[in-house]
Amino acid sequence: MRIRHLVGAGAVAAVGLSLVAVPASAAPGEPGQPEHVSTTVIAHRGASAYAPENTLSAFRVGIEQRATLIESDVQLSKDGVPVLLHDTTLTRTTNVEEVFPDRASHFVGDYTLDELKQLDAGSWFGEEFAGEQIPTLAEMVEQVRGSRSGIIMELKSPELHPGVEQAVYDVFASYPGYVNSALNSGRLSVQSFDWESMETYNEISPETPTGLLGTVPVESMAAYGEWADEVNPNKNAVTPEYVEAIHDAGMKTNVYTVNDEPTMHRLLDADVDGLISDVPDVVFDVLQARK
Ligand code: G3P
Ligand code: CA
């Protein structure tokens, strides 16, 4: 079964911080984006131009900017807990080498949750984020579910994390009513570059929209459209004809990672459904200008 909507994300150099205030009149639980916006605006790894990627701070900025969905990347700790980190190793975004100088491996899956929680995942981005922890998926759900934004969760390198599909679903399902409520309001989906993993997730939870990251060949589009809901390609792969092929197969498309205005305009002209960006506020500015 397929339910429609969703998704997307990037890395930015010099972009001004312009948070979009959430109007006091907006009721809790409403979709985050302004009413006139039909494009899905997705905060990539949170609003990761403004706070360290895949941290609660980055998710908070995405929520404040009224992103439709917050994107993150999930992997399993050594003890099987879904945790949020983009890279399969800890070296780029944490101080793992300082905290565990004697460890030969820096793979996420070689560290227990207790060990991962000892790491600083914020200082690499800015001193003001010192002490920011790697979040668990559960912590993200607790933060986002009370907001007007939703979640699109990327299963990152699932071949390194056997059973991650069920573990992710179990976290979502551990919050009574959350899955149904989020699906009914278009605020929950999953995606992966590993399309077999998405097939597995579809078997576990057929009602959850699944996204295929990358470029599905046009000749295979109809077959994937039998069970998948989205094809979410890199911006450089997108043409109006490719978008049409996705739509003809009954799927939607959310494109990554889109941080500059000319590319946003090009993709919106090509009729994409969503933009995945490090700068959701800039996406909203562009959408407003096109009204
Ligand atoms: O949401 C799509 C995007 O996140 C895929 O690329 O490498 O940033 O996870 P990556
Ligand atoms: Ca991602």
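Located above this text is the structure these notes cover.
From a predicted model like this one, the values you see are computed outputs, not experimental measurements. The numbering scheme is per chain: residues are counted from 1 as the chain's sequence reads. Key to labels: chains lettered from A, ligands numbered from 1, both in the order written. Local features in a predicted model are, by the rule used here, given only for residues with pLDDT of at least 70; side-chain atom pairs are given and counted only at 80 or more, and totals for whole chains, interfaces and linings are based on all residues. Based on all heavy atoms of the structure, the side-chain values leave hydrogens and waters out of the count.

(A) Fine view of the overall build of the protein. Elements are defined by DSSP. Helices are runs of H or I of four residues or more, strands are runs of E of two residues or more, and each kind is numbered from the N terminus. Each helix and strand in the protein was counted, giving 11 helices and 9 strands. We call a residue buried when its accessible area falls under 20% of the maximum for its residue type, exposed when it is over 50%, and partly exposed in between, using a 1.4 Å probe and counting protein chains only. Burial statistics for the protein: of 291 residues in total, 56% are counted as buried. We call two residues in contact when some of their heavy atoms are within 4.5 Å. Of all intrachain contacts in the protein linking residues separated by at least 6 positions in sequence, the fraction that spans at least 24 positions is 63%. Method for areas: the Shrake-Rupley scheme with a 1.4 Å probe, in which residue coverage is limited to the protein chains shown. Per element, the accessible surface of the protein, about 11800 Å² overall, is 50% carbon and sulfur.

(B) Molecular detail of the pairing of strand 6 (residues 210–213). Every second residue of strand 6 is oriented toward a common face, with T210 and L212 on one face and G211 and L213 on the other, all of them buried. In this sheet, strand 6 lies alongside strand 5 (residues 188–192) in parallel orientation, the contact comprising 3 bridges. Paired with S192 across the strands is L212, a residue of strand 6. Tracing the backbone out of strand 5, into helix 7 (residues 195–204) and back to the parallel element strand 6 gives a crossover that is right-handed. By definition, two strands form a pair when at least two bridges between them are found by DSSP. Inspection of the sheet shows strand 6 paired to strand 7 (residues 230–232) by 3 bridges, in the parallel sense. Across the sheet, residue L213 finds its bridge partner in strand 7, namely N232. A clockwise path from the first strand over the helix to the second, with the strands pointing away from the viewer, defines a right-handed crossover.

(C) Structural context of the site of ligand 1. Distances are taken per atom, and a residue is near a molecule or strand as soon as one of its heavy atoms is within 4 Å of it. By nearness alone, 13 residues border ligand 1, and H44, R45, E71, H86 and E154 come closest of all. The contact in question runs from an oxygen atom of ligand 1 to an N or O atom on the side chain of E154, over 2.8 Å. Contact between ligand 1 and Q191: an oxygen atom at 2.8 Å from a side-chain N or O atom of the residue. Coverage of ligand 1 by the protein amounts to 92% of the 290 Å² it exposes when considered alone. Per-class residue counts for the shell around ligand 1 are 4 nonpolar, 4 polar and 5 charged. Each polar contact in these results corresponds to two N or O atoms within 3.5 Å; when the atoms are within protein, one needs to be able to donate a hydrogen and the other to accept it, and residues that are neighboring in sequence are counted only if both atoms are side-chain atoms. Residues are sorted three ways: Asp, Glu, Lys and Arg are charged, Ala, Val, Leu, Ile, Met, Phe, Trp, Tyr, Cys and Pro are nonpolar, and all the rest, Gly among them, are polar.

(D) Representation of the coordination of the calcium ion (ligand 2) in the model. The rule for donors is simple: an N, O or S atom within 2.8 Å of the metal counts, and for Na, K and Ca the reach is 3.2 Å. Water is not among the atoms, so a site may look short of donors. Bound to the calcium ion (ligand 2) on the protein side are E71 (OE), D73 (OD) and E154 (OE), at distances that span 2.1 to 2.2 Å. In primary-sequence terms, the residues that donate to the calcium ion (ligand 2) follow E-x1-D-x80-E. With respect to class, E71 is no different from D73; both count as buried.

(E) Expanded view of the side chain of D120. Within the fold, D120 resides in the loop between helix 3 (113–116) and helix 4 (137–144). A distance of 3.3 Å separates a polar atom in the side chain of D120 from the backbone nitrogen of G131. Discounting residues that sit within four places of it in the chain, D120 has contacts with T93, T94, N95, F129, A130, G131 and E132.

(F) Local environment of the nonpolar core. Ranked by size, the top nonpolar core spans 42 residues in total, and within it I151, M153, F172, Y178 and M221 carry the most contacts. With 6 residues, the top contributor of residues to this core is helix 5 (residues 164–173). When near neighbours in sequence (up to four residues on either side) are disregarded, M221 contacts V216, V231, Y242, A245, I246, A249 and M251. Only buried residues count toward a nonpolar core, which is a set of Ala, Val, Leu, Ile, Met, Phe, Trp, Tyr and Cys residues joined through side-chain atoms within 4.5 Å. V41, V255, V272 and V286 belong to the second-largest nonpolar core, a separate cluster that totals 23 residues.

(G) Spatial organisation of the pairing of strand 2 (residues 69–76). Counted residue by residue, strand 2 has 8 buried out of 8 residues, so it is predominantly covered. Of the two faces of strand 2, the one holding L69, E71, D73 and Q75 and the one holding I70, S72, V74 and L76 are both buried throughout. Taken together, the 2 bridges between strand 1 (residues 40–43) and strand 2 define a ladder with parallel strand orientation. Residue pairing in the sheet places A43 in a bridge with I70 of strand 2.

(H) Representation of the packing of helix 4 against helix 5 within the structure. Axis definition: a line fitted to C-alpha atoms, over the contacting stretch in the case of helices. Angles run 0 to 180 degrees between N-to-C directions. For the pair helix 4 and helix 5, the least separation of the axes is 10 Å and the interaxial angle reads 35 degrees. Judged by the sense of rotation from one axis to the other, the crossing of helix 4 with helix 5 is right-handed. Residue-level inspection shows L137, A138 and V141 of helix 4 in contact with helix 5, the latter providing V168, V171 and F172. Within the contact of helix 4 with helix 5, the residues separate by chemical class into 6 nonpolar, no polar and no charged. In this scheme, a crossing is called left-handed if the near helix is turned counterclockwise away from the far one by less than a right angle; it is called right-handed if the turn is clockwise.

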